Structure formats: C-alpha cells, structure tokens
Amino acid sequence: MSGAVLVAGIGNVFLGDDGFGVEAVRALSAHPLPDHVEVVDFGVRGVHLAYQLLDGYDTLVLIDATARGGAPGTVYLIDAGEAGDGPPGGAVLDGHHMSPDSVLALLGTLCAGTGSTPPRRTLVVGCEPASVEEGIGLSAPVAAAVPEAVRTVLELVRDAQRPGPGPDAQTTAHPAREPRRIP
C-alpha cells in the first residue's frame, strides 16, 4: 500500500454483528496513524462512501461483517482487487441498503461519468458474524475479533511504510486471538 488510504467501517449497528465494521473503526481511531491514512465510519451510508472515493485514494480497506462459512469471530483478509471493476451502470442507488459490492459498482459508474480513477486496490478485513438479527451490540466472538481486525489494519499500514515491496495480500482466515501489542 502506498499513497492515500481510506479505511471504511461499514455495517448496521441495529443488526447485531453487522455493526462489526463500525465498532472496528471506532477502536482503530484510538491508534496513531500516518497522515495518508483516513479512517471513517460510514455505517449504512454506502452512497457517501462511493462519493468520497472519488477524492482519489490509492487503497480502500473495507471493514465489515463477512459471512464466508467460518466460525463466528473468524477474521478474514481478502484482496478484492481494484474498486469499480464491474461494468458501469450496474449499481442500484439505495442509500440504506447498499452492500460493499453495490458501493463498488456505483463507484465504477461514478468514475466512468466523472473521469475519476477508482482506488488501485481494495482490501476487505471481514469478520464472520454469529447473528445479524435485529438488536444492538456484537456477539461475544465478534466483539473479541475487533482487536484482531485493528491489528490487521495496523499491520497493513505499517508494512506499507517499509521500503521495498510489501507482502502480497491474500485471503487468510484465523479465529480472533488474544490482544497483542504492535510496536
């Protein structure tokens, strides 16, 4: 990762574990970050996220609940490629029900219409939810995964500042671990 980085927490805090991204960016905001890294809680405002990405970010890191079939609380790092990869015109505008896929499709449409460039790279730090039923608050395994998501983002940012090529992002999964200090 180099250049401007947007770390976007997304999700609905009224749907249990769907609020994972919002809680993770809240926790991440307590850490010092380089000037080129911006952390924003977008919640369910996917349209706002798409428009903010027009400001020219090199890398987008989405933090969200991500159901992939693992144990609840499993944290995933997924390299989603370039934002806006889909064909323009495929996005449906619904300000309160936009998945990350539809946000990225909308971004592709906006970039095609404005001549802007989408982020070069999109990474997802996801967490396997236990429940996305109505209710406020994360389940125990998902709440325990928040520090792991924060560590993952901090490591991505730290690795990006080292000279030479950074590690290739890949899809990885691991259950939430006990918190550890990152120098």
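Residues numbered from 1 in each chain as written. Predicted model: local features only at pLDDT ≥ 70, side-chain atom pairs only at ≥ 80, totals over all residues. Heavy atoms only, no water.

(A) Layout of the nonpolar core. The biggest cluster of nonpolar side chains holds 24 residues, and the ones touching the most others in it are V7, F20, V61, I63, V125 and V153. With residues near it in sequence (within four places) discarded, V153 still touches V7, L28, V61, I63 and V125. Residues A8, V40, Y57 and L62 belong to the second largest nonpolar core, which totals 13 residues. (Core = buried A, V, L, I, M, F, W, Y, C linked by side-chain atoms within 4.5 Å. Buried < 20%, exposed > 50% of the residue type's maximum accessible area, 1.4 Å probe, protein only. Contact = heavy atoms within 4.5 Å.)

(B) Fine view of the packing of aromatic side chains. Here the structure, examined in full by the defined rule, presents 0 aromatic pairs. Positioned over the ring face of Y76 is R68, at 5.4 Å from the centre of the ring. (Phe/Tyr/Trp six-rings, centres within 6.5 Å; stacked < 30°, edge-to-face > 60°. Lys NZ or Arg CZ within 6 Å of the ring centre and 35° of its normal.)

(C) Focus on the side chain of D58. Mapped onto the secondary structure, D58 falls in the loop between α2 (46-53) and β3 (59-65). On the basis of relative accessible area, D58 is assigned to the buried category, the value being 19%. Within the structure, D58 has its side chain in polar contact with the side chain of T59 (distance 3.3 Å). (Helix = DSSP H or I, 4+ residues; strand = E, 2+ residues; numbered from the N terminus. Polar contact = N/O pair within 3.5 Å; in protein donor to acceptor, adjacent residues only side chain to side chain.)

(D) Expanded view of the environment of L28. For L28, the position within the fold is in helix α1 (residues 20-28). Overall, L28 belongs to the buried group, its relative accessible area being 0%. In this structure, the C-alpha to C-alpha distance between L28 and A149, residues 121 residues apart in sequence, is 8.7 Å. Once residues lying within four places of it in the same chain are set aside, the contact partners of L28 are V7, L33, V39, V150, V153 and L154.

(E) Fine view of the environment of A140. Inspection of the secondary structure assignment puts A140 in helix α4 (residues 140-161). For A140, a relative accessible area of 62% translates into the label exposed. A sequence separation of 10 residues divides A140 from A130, and the C-alpha atoms of the two residues are 8.8 Å apart.

(F) Fine view of α2. Burial analysis of α2 places 6 of its 8 residues in the buried class, which makes it a mostly covered element. The complete set of buried residues in α2 reads G46, V47, L49, A50, Q52 and L53.

(G) Summary view of a nonpolar patch on the surface. A contiguous nonpolar patch, built from V13, F14 and I136 and spanning about 320 Å² of accessible area, is present on the exposed surface. Note that F14 resides in the loop between β1 (5-10) and α1. For F14, a relative accessible area of 52% puts it in the exposed group. (Patch = residues over 30% accessible without salt bridge, like charges linked within 9 Å, V, L, I, M, F, W, Y side chains within 5 Å. Areas by Shrake-Rupley, 256 points an atom, 1.4 Å probe, with all protein chains shown as cover. Salt bridge = Lys/Arg side-chain N within 4 Å of Asp/Glu carboxyl O.)

(H) How the structure looks around α1. Along α1, 7 of the 9 residues are buried, which leaves the element largely enclosed by surrounding structure. Here α1 has its buried residues at F20, G21, V22, A24, V25, A27 and L28.

(I) Spatial organisation of the confidence of the model for the chain. In this model, the chain carries a mean pLDDT of 77, and residues with pLDDT of at least 70 account for 66%. Of all helices and strands in the chain, the one with the weakest mean pLDDT is strand β6 (residues 172-174) (46), whereas α1 scores best (96). Note on residues 83-98: pLDDT under 50 across the span, and 28 contacts to partners over four residues away in sequence or across chains. Long-range and interchain partners of residues 163-183, a stretch whose pLDDT sits below 50, account for 38 contacts in this model, where long-range means more than four residues apart. (pLDDT = per-residue confidence, 0-100.)

(J) Focus on the side chain of T66. Turning to its location among the elements, T66 is positioned in the loop between β3 and β4 (75-81). In this structure T66 comes out as buried when scored by relative accessible area, which is 16%. Polar side-chain contacts of T66 include one of 3.2 Å to the backbone oxygen of D64. Those residues in contact with T66 that lie beyond four places of it in its chain are Y76, I78, V124, G126, C127, E128 and P129.

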